[in-house]
Amino acid sequence: MPDVSSPTTSSNPSTAPLPPGMILGPDGKPCKICTAFRHWKPPKDSSKSRKQTQSASVGATSAVMSALAFGQNVAQTPVEVDTRPDNCPPDVEVLGRATWTFLHTTAAYYPEKPTPTQRANMLMLLKSLPVLYPCSHCASHLGENMKTSPPDVSSRYGLSRWLCLQHNEVNERLGKKKFDCAIEKLDERWKDGPSDGSCD
Ligand SMILES: Cc1cc2nc3c(=O)[nH]c(=O)nc-3n(C[C@H](O)[C@H](O)[C@H](O)COP(=O)(O)OP(=O)(O)OC[C@H]3O[C@@H](n4cnc5c(N)ncnc54)[C@H](O)[C@@H]3O)c2cc1C
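So, here's what we can say about the structure. (Residues numbered from 1 in each chain as written. Predicted model: local features only at pLDDT ≥ 70, side-chain atom pairs only at ≥ 80, totals over all residues. Heavy atoms only, no water.)

### Side note on the overall build of the protein
Counted only if it meets this: Helix numbering and strand numbering both begin at the N terminus, where a helix is a DSSP run of H or I of at least 4 residues and a strand a DSSP run of E of at least 2. Contacts were defined at the residue level, with two residues in contact if any of their heavy atoms lie within 4.5 Å. Each accessible area is a Shrake-Rupley result for a 1.4 Å probe, and residues are judged covered by the shown protein chains and nothing else.
From N to C terminus, the protein includes 7 helices and 2 strands. Pairs at least 24 residues apart make up 56% of the contacts formed inside the protein by residues separated by at least 6 positions. Total accessible area computed for the protein in this model is approximately 12200 Å², and 58% of it derives from carbon and sulfur atoms.

Structure follows, in structure tokens:
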């Protein structure tokens, strides 16, 4: 399956290289939900663009990663910030953030000793992702990983850690920093908030 790191794929029906970051779906056509919005639209003339450019911002991290991946000079690469209205359909990044938020939070509140029914339901939820997740290449990678590393639904700790490792696999593939999978760090991020009270 294609990935952002290899924008041209053998399933590309034309011989022309795809724009960087553009992902093809299983039908060989550009896949909107597999592609970050900033890669979907052709670059605009910056003087006419309604996008803001920033040298650094929270939302800019992945654009910088992309610039690095495609050998661009980060210092000179204007970073596009997605300023679309909140009610626009998700791209691969918005969908990813929402899905990870749901999964990690659900794991953080999963029982220490789940009943057989709770385990079975969690397993069903996770096993449905490679089948139903709309970003096809994301789903395909997850499905492959789940063959060698089946979901650990035995406890809150096991599930939280398993999800963290899966997320780190994606982080690594996208050139992002790995998260510390210690349960204290996961609980701080997804359940308790930092001890300085800044999220209370
Ligand atoms: C199952 C799945 C597969 C995906 N596969 C791909 C893919 O193949 N290609 C692609 O381009 N995108 C993929 N994505 C989307 C990608 O993972 C990101 O969600 C997206 O790039 C937005 O990244 P982000 O930097 O905003 O933060 P995200 O990676 O979405 O992370 C959100 C927050 O989670 C926390 N976090 C980060 N890592 C961990 C961790 N290991 N454990 C716990 N918490 C953590 C951080 O606080 C972070 O801010 C996938 C998403 C999912 C759910």
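### Considering the pattern of salt bridges
Note the following rule: Salt bridge, as used here: a side-chain nitrogen of Lys or Arg that lies within 4 Å of a carboxyl oxygen of Asp or Glu.
Summed over the entire model, instances satisfying the criterion amount to 7 salt bridges. With a shortest N-O distance of 3.6 Å, K191 and D192 are connected by a salt bridge. Each of E112, R156 and D187 takes part in one network of salt bridges that share partners.

### Things to note about the packing of helix α6 (residues 156-173) against helix α7 (residues 183-192)
Counted only if it meets this: Between N-to-C directions, angles span 0 to 180 degrees; the directions come from axes that are lines fitted to C-alpha atoms, helices contributing only their stretch in contact. Roughly parallel refers to an angle under 35 degrees, roughly antiparallel to one over 145, roughly perpendicular to one between 65 and 115, and oblique to any angle outside these ranges. Classification used: nonpolar for Ala, Val, Leu, Ile, Met, Phe, Trp, Tyr, Cys and Pro, charged for Asp, Glu, Lys and Arg, polar for all others including Gly.
α7 packs onto α6 with a crossing angle of 85° between their chain directions and a minimal axis gap of 10 Å. The orientation of α6 with respect to α7, classified from their angle, is roughly perpendicular. Contacts between α6 and α7 involve R156, Y157, S160, R161 and C164 from the first element and I183, L186, D187 and K191 from the second. Residue classes in the contact of α6 with α7 are distributed as 4 nonpolar, 1 polar and 4 charged.

### Some points on the site of the ligand
The cut-off we apply is this: Definition of nearness: a residue and a molecule or strand are near each other if at least one heavy atom of the residue lies within 4 Å of the molecule or strand. By the criterion applied in these results, polar contacts are pairs of N or O atoms within 3.5 Å in which, for protein atoms, one can donate a hydrogen and the other can accept it, and in which residues neighboring in sequence qualify only through two side-chain atoms.
Taken together, 25 residues lie around the ligand, and R97, H167, R173, K176 and R189 are the ones closest in. At 2.9 Å, a backbone N or O of C164 approaches a nitrogen atom of the ligand. Contacts to the ligand include N171, whose side-chain N or O atom sits 3.0 Å from a nitrogen atom. Starting from 950 Å² of accessible surface for the ligand in isolation, the protein chains cover 87%. Only α3 (92-108), α5 (136-148), α6 and α7 provide two or more residues apiece to the shell around the ligand. Examining the composition of the shell around the ligand, we find that 7 residues originate from one element, α3, more than from any other.

### Remarks on the nonpolar core
Let me state the cut-off plainly: Residues belong to one nonpolar core when they are buried, are Ala, Val, Leu, Ile, Met, Phe, Trp, Tyr or Cys, and are joined through side-chain atoms within 4.5 Å. The cut-offs for exposure are 20% and 50% of the maximum accessible area for each residue type, with area from a 1.4 Å probe on protein chains only; residues under the lower value are buried, those over the upper are exposed, and the others partly exposed.
Core analysis: the biggest nonpolar cluster contains 23 residues, and L126, L159 and L163 have the highest contact counts within it. Of all the secondary-structure elements, those providing two or more residues to this core are α3, α4 (116-132), α5 and α6. Considering every element that reaches this core, the biggest residue donor is α3, with 5 residues. Beyond its immediate stretch of four places on either side in the chain, L163 contacts W100, L103, H104, A107 and L126. Counting residues in hydrophobic clusters, the runner-up holds 5 residues, among them C164, C181, L186 and W190.

### Observations regarding the side chain of N171
Relative to the assigned elements, N171 resides in helix α6. A residue is classified by how much of its surface remains accessible, and N171, at 9% relative accessible area, is buried.

### Digging into α4
Here is the rule: Multiplying 1.5 Å by the helix residue count minus one yields the expected span of that helix. Directions are taken from the helix axis to each C-beta atom, and the arc is the one they span.
Here α4 is 17 residues long and its end C-alpha atoms lie 24 Å apart, about the 24 Å a rise of 1.5 Å per residue gives. Buried within α4 we find M122, L126 and L129. The arc enclosing the buried residues of α4, seen along the axis, measures out at 35°, which places them on a common side. In α4, the exposed positions angled more than 90 degrees off the buried face are occupied by P116, T117, M124, V131 and L132. The inward-facing, buried residues of α4 abut α3, α5 and α6.

### Remarks on the state of the cysteines
For clarity, the cut-off: Here, two cysteine sulfur atoms that lie within 2.5 Å of each other are counted as a disulfide.
Summed over the entire model, instances satisfying the criterion amount to 3 disulfides. The side chain of C31 participates in a disulfide bridge whose partner is C34; the two sulfur atoms lie 2.1 Å from each other. What sets the handedness of the C31 and C34 disulfide is the S-S torsion sign, and at about 60° it is right-handed. A sulfur-sulfur separation of 2.0 Å characterises the disulfide bridge that pairs C164 with C181.

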